[in-house]
Amino acid sequence: MNLKEFLKKHNLEEGQLVKVKSKGREFIGNIIPNSNENTLALKLGSGYNVGITIDEKISIEKLEGSKKVSKGKSTKIEKTPALPKITILHTGGTIASRVDYKTGGVIASFTAEDLIAMIPEITKIANIDSQFVSNIMSEDMNLGHYGLMLKGIKKAVESGTDGIIIGHGTDTLGYSAAALSFAVEKSPVPIIIVGAQRSSDRGSSDAGMNLICAAEFITKTDFGGIGVCLHTSSADSSCSILPGPKTRKMHTTRRDAFKAINDTPIATIDYKTKEIKYLQKNYSKKEPELIIKNKFDEKVGILKTYPGINLKQLIFFKKEKYSGLIIEGTGLGHTPIFENDAFVKGIKELIDSGIVVGITSQCIFGRVNPSVYTNLRKVSATGAIYCEDMIAETAYIKLSWLLGNYSTEKAKKMLSENLRGEITKISKYEENFVE
Ligand code: DAS
């Protein structure tokens with residue numbers, strides 16, 4: 001049964017206050033519009049939204065009270081010929097939802113008009129176009145979504161855009177930023193991924209400021225690559241433009257959750273003065289043409305090691321005929337050894353079967369080293385590739401992209417070579433924790 005049939009069966013409509021019981025959990029909220037027809041979306045009293053899968057086990061009860069959810073009035077976009085053009089690709093996530101302040105209902109769909117209604121000041125910075133790519137929370141993305149974003153980038157560049165903003169959920173934003181960084185080899189325009197930690201219906205929303213700062217940067221910079229734009233600190237003072245292949249979400253809720261790992265932001269934008277301060281000099285510049293290599297190998301995985309890990313988890317990747325595996329080890333890139341080197345032999349077995357194995361560290365900051373300890377040398381002797389100061393997520397995306405576009409031998413060689421700034425000579429640390 002889909003959403004429409006479900007609402008009809010229970011004689012319900014958008015805005016109705018309901019109590020829903022599903023999988024042992026209970027939710028009370030107003031029914032709000034959403035484009036996923038297998039999900040009932042509620043706006044909870046806390047301001048957060050929740051999506052509940054419609055299945056036979058769900059129970060629903062109508063409560064007193066409802067909030068009429070209107071589509072909100074859409075704003076006619078005034079174009080100013082002299083202004084540059086920015087194309088916004090919508091993929092979903094918190095950034096893509098906005099609230100009709102009169103009713104408290106959330107508009108889950110997204111168009112340029114919605115955005116202008118939410119932050120009209122953006123029309124003074126650029127003419128806004130928008131493209132619908134997907135409407136998905138980013139925890140639910142797969143490698144196929146990167147192909148959709150790359151198609152959107154190509155279409156926007158062909159339309160003569162001066163820059164691209166990609167509205168994206170925050171949970172897997174770092175993976176997408178890495179994926180697009182490798183796939184877009186050269187770009188004539190800046191491509192900035194923007195997320196939000198607070199939905200626009202909350203006073204502390206960061207959506208508007210992140211979008212404005214991204215637009216300001218795009219219209220003034222000579223940067224031509226993939227960046228990420230969110231708050232620099234928890235204050236509404238500035239946003240950072242973070243390097244695509246070095247960005248990770250480091251906090252579940254803070255608005256400055258995103259940090260450049262082992263690196264510094266490319267630039268910061270002061271929200272009040274709109275002044276841009278560059279922290280990096282040799283960032284990628286705009287190129288005359290767009291060059292994209294858009295393939296990703298689906299049979300690549302990540303395995304985090306931990307005390308008590310079972311050797312079978314390693315052998316799984318051989319049984320399932322994977323082509324690549326990133327082992328997120330400990331410290332300098334250690335993995336368990338096991339009695340009689342059983343775990344190390346397991347890694348060797350994977351590699352001998354043709355699987356490319358890379359090693360990163362759960363420490364997140366710093367870089368791995370294959371030779372300080374005897375145990376590291378044992379692992380390195382299997383042919384496993386130490387991935388310098390890349391985090392596991394970036395190494396995973398890079399290996400998937402390499403195996404999708406190059407031979408296994410070439411992929412092995414390129415995995416530990418710096419291609420897009422994903423490997424830095426000196427791994428920076430303090431710079432990330434400025435207030
Ligand atoms: N679930 C989160 C996501 O889409 C919501 C957000 O933070 O944007 O990644």
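The rules behind these values
- Residues numbered from 1 in each chain as written.
- Predicted model: local features only at pLDDT ≥ 70, side-chain atom pairs only at ≥ 80, totals over all residues.
- Heavy atoms only, no water.
- Helix = DSSP H or I, 4+ residues; strand = E, 2+ residues; numbered from the N terminus.
- Buried < 20%, exposed > 50% of the residue type's maximum accessible area, 1.4 Å probe, protein only.
- Contact = heavy atoms within 4.5 Å.
- Areas by Shrake-Rupley, 256 points an atom, 1.4 Å probe, with all protein chains shown as cover.
- Core = buried A, V, L, I, M, F, W, Y, C linked by side-chain atoms within 4.5 Å.
- Polar contact = N/O pair within 3.5 Å; in protein donor to acceptor, adjacent residues only side chain to side chain.
- 1 Å grid on protein atoms, 1.4 Å probe; cavity = no way out; pocket = protein on both sides within 12 Å on 5 of 7 lines; lining within 4 Å.
- Points joined across faces, edges and corners; volume = space filled by probe spheres on them.
- Nonpolar A, V, L, I, M, F, W, Y, C, P; charged D, E, K, R; others polar.
- Near = heavy atom within 4 Å.
- Pairing = 2+ DSSP bridges.
- Right-handed = clockwise from strand over helix to strand, strands pointing away.
- Arc of directions from axis to C-beta.

Attention now moves to the overall build of the protein chain. Check the secondary structure of the protein chain and you find 10 helices and 23 strands. Per-residue burial over the protein chain gives 53% buried out of 435 residues. Nonlocal contacts in the protein chain, meaning residues at least 24 apart in sequence, comprise 70% of its contacts between residues at least 6 apart. Total accessible area on the protein chain is roughly 19700 Å²; 53% of this is exposed by carbon and sulfur atoms.

Core analysis: the biggest nonpolar cluster contains 50 residues, and I153, I164, I166, F296 and I397 have the highest contact counts within it. Looking at this core, the elements that each hand over two or more residues are α3 (143–158), β10 (163–167), α4 (173–183), β12 (191–194), β13 (226–231), β16 (258–260), α9 (392–405) and α10 (408–415). Ranked by residues supplied to this core, first place goes to α9 with 8 residues. Not counting chain neighbours up to four residues away, the residues in contact with I164 comprise T87, L89, I153, A156, V157, V189, P190, I191, I192 and I218. The next biggest cluster of nonpolar side chains, apart from the first, holds 32 residues, and it includes I165, A214, C229 and I269.

The distance from a side-chain oxygen at the start of helix α6 (residues 311–319) to the backbone nitrogen of K312 is 2.7 Å, and the residue carrying that oxygen is N310. K321, located one to two residues past α6, shows a positive phi value of around 55°.

Moving on: the layout of surface pockets. A volume near 800 Å³ is recorded for the second largest pocket. Forming the walls of the second largest pocket are 32 residues, and the residues nearest its centre are Q280, N282, Y283, R420 and G421. The element contributing the most residues to the lining of the second largest pocket is strand β11 (residues 184–186), with 3 residues. The residue inventory of the lining of the second largest pocket, partitioned by class, reads 11 nonpolar, 12 polar and 9 charged.

Near the ligand, the surroundings consist of G93, T94, M137, S138, E139, G169, T170, D171 and A196. Taking E139, its side chain carries an N or O atom lying 2.8 Å from a nitrogen atom of the ligand. Out of a free accessible area of 270 Å², the ligand has 88% covered by protein chains. By residue class, the composition of the shell around the ligand is 2 nonpolar, 5 polar and 2 charged.

To continue, consider the pairing of strand β20 (residues 300–304). Note that β20 and strand β21 (residues 324–329) share 5 bridges and pair parallel. Pairing of G301 across the sheet is with L325, part of β21. Traced from β20 through α6 to β21, the parallel crossover comes out right-handed.

Turning our eyes to something else, we now look at the sheet that holds β20. Strands belonging to one sheet form pairs held by backbone hydrogen bonds; the direction of such a pair is parallel or antiparallel. The sheet built from 4 strands is open, its strands ordered β20-β21-β22-β23 with parallel pairing. With partners counted over all chains shown, the strands left at the sheet margins are β20 and β23 (385–386), one partner each.

With that out of the way, let us pick up helix α7 (residues 342–352). Listed in full, the buried residues belonging to α7 are F343, V344, G346, I347, L350 and I351. Across the axial projection of α7, the buried residues extend over an arc of 155°, all falling on one side. Turned more than 90 degrees from where α7 packs its buried face, K345 and D352 sit exposed. As for α7, its buried residues are in contact with α6, β21, β22 (356–361) and α8 (374–380). Positioned one or two residues after α7, G354 has a phi angle of 105°, which is positive.

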